[in-house]
Amino acid sequence: AKPHVVVLATGGTIAGAGASAANSATYAAAKVPVDKLLAGLPELANVAKVSGEQVFQIASESFTNDHLLKLGQRVSALAKQADVDGIVITHGTDTMEETAYFLNLTVHTNKPIVLVGSMRPGTALSADGALNLYSAVSVAASKDAGGKGVLITMNDEIQSGRDVHKHINIKTEAFKSQWGPLGMVVEGKNYWFRAPVKRHTTQSEFNIDDIKALPAVDIVYGYSNMNTTGIEAYGKAGVKALIHAGTGNGSVAAQAVESLKTLRGQGVQIIRSARVPDGFVLRNAEQPDDKYDWVVAHDLRPQKARILAMVALTKTNDSKELQRIFWEY
Ligand SMILES: NC(=O)CC[C@H](N)C(=O)O
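What comes next is a walk through the structure. Because the structure is a prediction, the values reported are computed rather than measured. Just so you know, the residues in each chain are numbered from 1, in the order the chain's sequence is written. With the structure being a predicted model, the display of local features is reserved for residues of pLDDT at least 70 and the display and counting of side-chain atom pairs for 80 or more, all residues being used for whole-chain, interface and lining totals. Where side-chain values are given, they derive from all heavy atoms of the structure, hydrogens and water being excluded.

**A word on helix α6 (residues 254-265)**
As a reminder of what qualifies: To qualify as a helix, a DSSP run of H or I must reach at least 4 residues; to qualify as a strand, a run of E must reach at least 2; elements of each kind are numbered from the N terminus. Expected helix span is taken as 1.5 Å per residue step, with the number of steps being one fewer than the number of residues. Relative accessibility thresholds used throughout: buried, under 20% of the residue-type maximum; exposed, over 50%; partly exposed, between the two (1.4 Å probe, protein chains only). Contact definition: two residues touch when any of their heavy atoms are within 4.5 Å.
For α6, with 12 residues, the first-to-last C-alpha span of 18 Å sits near the 16 Å given by 1.5 Å per residue. Among all positions in α6, only A256, V257, S259, L260, L263 and R264 are buried. Against α5 (229-237), β12 (241-246), β13 (269-274), α7 (289-292) and α9 (319-328) lie the buried residues of α6. At the exit of α6 stands G267, carrying a positive phi of roughly 95°.

See below:
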């Protein structure tokens, strides 16, 4: 019998609709319901028995922590079902990288979990959603896609949910990882070139089944003429951790250091990430992290560092433990 793949629909451009076939960039996201998406792709029956659920119908820039928790709980429950072999999540591309990393950190299953979106609505000329969805279902139905962490299939590539980010907003080749894709999927066949080495899914110390709430973690961006208004505002708002997206090596402007040290003194975790596209922040490079008791996000972009910080803070508020977690996940 064919593998059973469940498609959880959350919205995005893959469910979008434009006024005419020429509208590849101006359209409304989150319009087409999941059963219509699946009905439009009878070829799916060649790769799997597919069932669909409409979990949300939103543009992904509007995802909240509540959406993440609800989606994660549904994925976890389905993954436990013996009659489910793989899960596909259709999702807007704006925050897909954050949802993918969250699930990568917290869902304990070796079954394939594959997120997929599109850059053009299904109504547009050369729409990319149909083939992206076909590829996602075929990867989710493949045994060899298991145990590789949460995956994203876009534009014929199979990307790691940890490493991948939306690199450009107007091309179908939108998703990149600074460490490269894990593989390719062409005509429903997977070609693998690498596997993740960071902890994920069944090797994770975090479990969505135990997470009832996520703490407040926000991000400040570094730039020339940086000031402390945002840092102080987040401190007053009571964030549990603040991600600093610094220039270059994750550097912090001299005029901002004291306000970050003050927040640390009030118990807020300070995590240095970088605003550069492919950051690689090391401890004590540019700032004395040991002295200030700050954490570095290593190769994780600010929005990914925020996801890991939220999940990690559900288990520990010890900065040395947080740094271990940032090295391992
Ligand atoms: N390509 C897309 O999915 C972008 C549409 C919308 N901003 C979203 O993220 O859901």
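**Examining the site of the ligand**
Short version of the rule: The nearness test applies per residue and asks whether one of its heavy atoms lies within 4 Å of the molecule or strand. Side-chain atoms alone can form a polar contact between residues adjacent in sequence; in general such a contact is a pair of N or O atoms within 3.5 Å, and within protein one must be able to donate a hydrogen while the other accepts it. Surface exposure here means Shrake-Rupley accessible area, sampled with a 1.4 Å probe, where a residue is shielded only by the protein chains that are shown. Each residue is assigned to one class: nonpolar for Ala, Val, Leu, Ile, Met, Phe, Trp, Tyr, Cys and Pro, charged for Asp, Glu, Lys and Arg, and polar for all the others, Gly among them.
Every residue close to the ligand is listed here: G12, T13, Y27, A59, S60, E61, G92, T93, D94, S118 and M119. Take S60: an N or O atom from its side chain is 2.6 Å from an oxygen atom of the ligand. One of the side-chain N or O atoms of T93 is found 2.7 Å from a nitrogen atom in the ligand. The protein chains hide 92% of the 290 Å² of surface that the ligand would expose on its own. Split into classes, the residues belonging to the shell around the ligand amount to 3 nonpolar, 6 polar and 2 charged.

**Focus: the sheet that holds strand β11 (residues 217-221)**
Going by this rule: Pairing between two strands is assigned when DSSP locates at least 2 bridges connecting them. In this analysis, axes come from line fits to C-alpha atoms, helices being fitted only over the stretch in contact, and the angle between any two N-to-C directions falls in the range 0 to 180 degrees.
Strand order in the open sheet made by the 4 strands is β11-β12-β13-β14, with parallel pairing throughout. Unpaired on one side and paired on the other, β11 and β14 (295-296) mark the two borders of the sheet. The sheet contacts of α5 involve β11 and β12, and relative to β11 the element is tilted by about 170°. Relative to β11, helix α8 (residues 302-313) is tilted by about 155°, and along the sheet it contacts β11, β12 and β13.

**Section: the side chain of T13**
The residue T13 is located in the loop between β1 (4-11) and α1 (34-39) in this model. Residue T13 is classed as buried on the basis of its relative accessible area of 7%. At 2.5 Å, the side chain of T13 and the side chain of Y27 are in polar contact. Setting aside chain neighbours within four positions, we find T13 in contact with Y27, A29, G92, S118, M119, R120 and P121.

Geometry only, nothing functional implied.
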